[in-house]
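Residue-level structure breakdown
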Amino acid sequence: MVDRIFLDYSVQKLTQAAGRVDECLARLTQEQIWAKGSANENAVGNLVLHLCGNIHQWLFSGVGGEPFSRDRDAEFTAGSGGNLRERLSQTVARAVPIIERQTEADLQRRILVQQYEIAVLEAIYHVVEHFAGHAGQIIFATKMMTGSDLGFYKHLKYSAHTERTP
């Protein structure tokens, strides 16, 4: 039972964050997607490539057993790259069934990812947490570049704040 709660919530939060990143990408121009304020910053486009690479490594390869292939450095040096919205959507769409099909026993199984020996549960938690962190950066950057409220929490404006925010 707890395993299903964890897995269902992981899928919910991953798809929610992906939807918010997609909304940000839809609001930005190509120039904004690849803009960096300084050499120490990551462009939104680079963060999206990085999120896809992370899911490939931790879920597709680590949990799903697919052959490992990732050029992490290229995720941060690219200055353009295909349809990011489609790439992100397809990556998350492939990730969801991998998460959903895990069983209680699977969550305890030990795997090796980036030379860390971890449980599958930890790998899923890492992917969702990592995705949410970078989604926050993308949301912040989008607000800064567009000067607009993205409306993700507009329901809170009109409530008496008696509901808990998920």
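Residues numbered from 1 in each chain as written. Predicted model: local features only at pLDDT ≥ 70, side-chain atom pairs only at ≥ 80, totals over all residues. Heavy atoms only, no water.

Before going further, it helps to examine the overall build of the protein chain. Along the backbone of the protein chain there are seven helices and two strands. Helices and strands appear in the protein chain in the N-to-C order α-α-α-α-α-α-β-β-α. Overall size of the protein chain, expressed as C-alpha extent along the three principal axes, is 45 × 45 × 25 Å. The proportion of buried residues among the 166 residues of the protein chain is 43%. (Helix = DSSP H or I, 4+ residues; strand = E, 2+ residues; numbered from the N terminus. Buried < 20%, exposed > 50% of the residue type's maximum accessible area, 1.4 Å probe, protein only.)

Before going further, it helps to examine the packing of helix 1 (residues 2–27) against helix 7 (residues 120–146). As a packed pair, helix 1 and helix 7 sit with axes 9 Å apart at the nearest point and diverge in direction by 25°. On the basis of the axis angle, helix 1 is roughly parallel to helix 7. Between helix 1 and helix 7 lies a crossing of left-handed hand. Residues F6, L7, S10, K13, L14, A17, A18, R20, V21, C24 and R27 of helix 1 lie in contact with helix 7, whose contacting residues are L121, I124, Y125, V128, F131, A135, I138, I139, T142 and T146. The residue inventory of the contact of helix 1 with helix 7, partitioned by class, reads 15 nonpolar, three polar and three charged. (Axes fitted to C-alpha atoms, helices over the stretch in contact; angles between N-to-C directions. Parallel < 35°, antiparallel > 145°, perpendicular 65-115°, else oblique. Left-handed = near helix turned anticlockwise from the far one by under 90°. Contact = heavy atoms within 4.5 Å. Nonpolar A, V, L, I, M, F, W, Y, C, P; charged D, E, K, R; others polar.)

A word on the packing of helix 1 against helix 5 (residues 84–100). Running from N to C, helix 1 and helix 5 point in directions that differ by 175°, and their axes come no closer than 10 Å. Judged by the angle between their axes, helix 1 and helix 5 are roughly antiparallel. Residues R4, L7, S10, V11, L14, T15, A18, V21, D22, L25 and A26 of helix 1 touch helix 5, and the partners they reach there are L84, R85, L88, V92, A95, V96, I99 and E100. Here the contact of helix 1 with helix 5 is composed, by residue class, of 13 nonpolar, two polar and four charged.

The final tally for this structure, using the stated rule, is six salt bridges. For R85, the salt bridge identified is with D22, shortest N-O distance 2.7 Å. Remark: D22 occurs in helix 1 and R85 occurs in helix 5; sequence separation between them is 63 residues. When its relative accessible area of 37% is taken as the criterion, R85 is described as partly exposed. The exposure class of D22 is partly exposed, given its relative accessible area of 24%. In this structure, E23 and R27 form a salt bridge, with 2.8 Å as the shortest nitrogen-oxygen distance. (Salt bridge = Lys/Arg side-chain N within 4 Å of Asp/Glu carboxyl O.)

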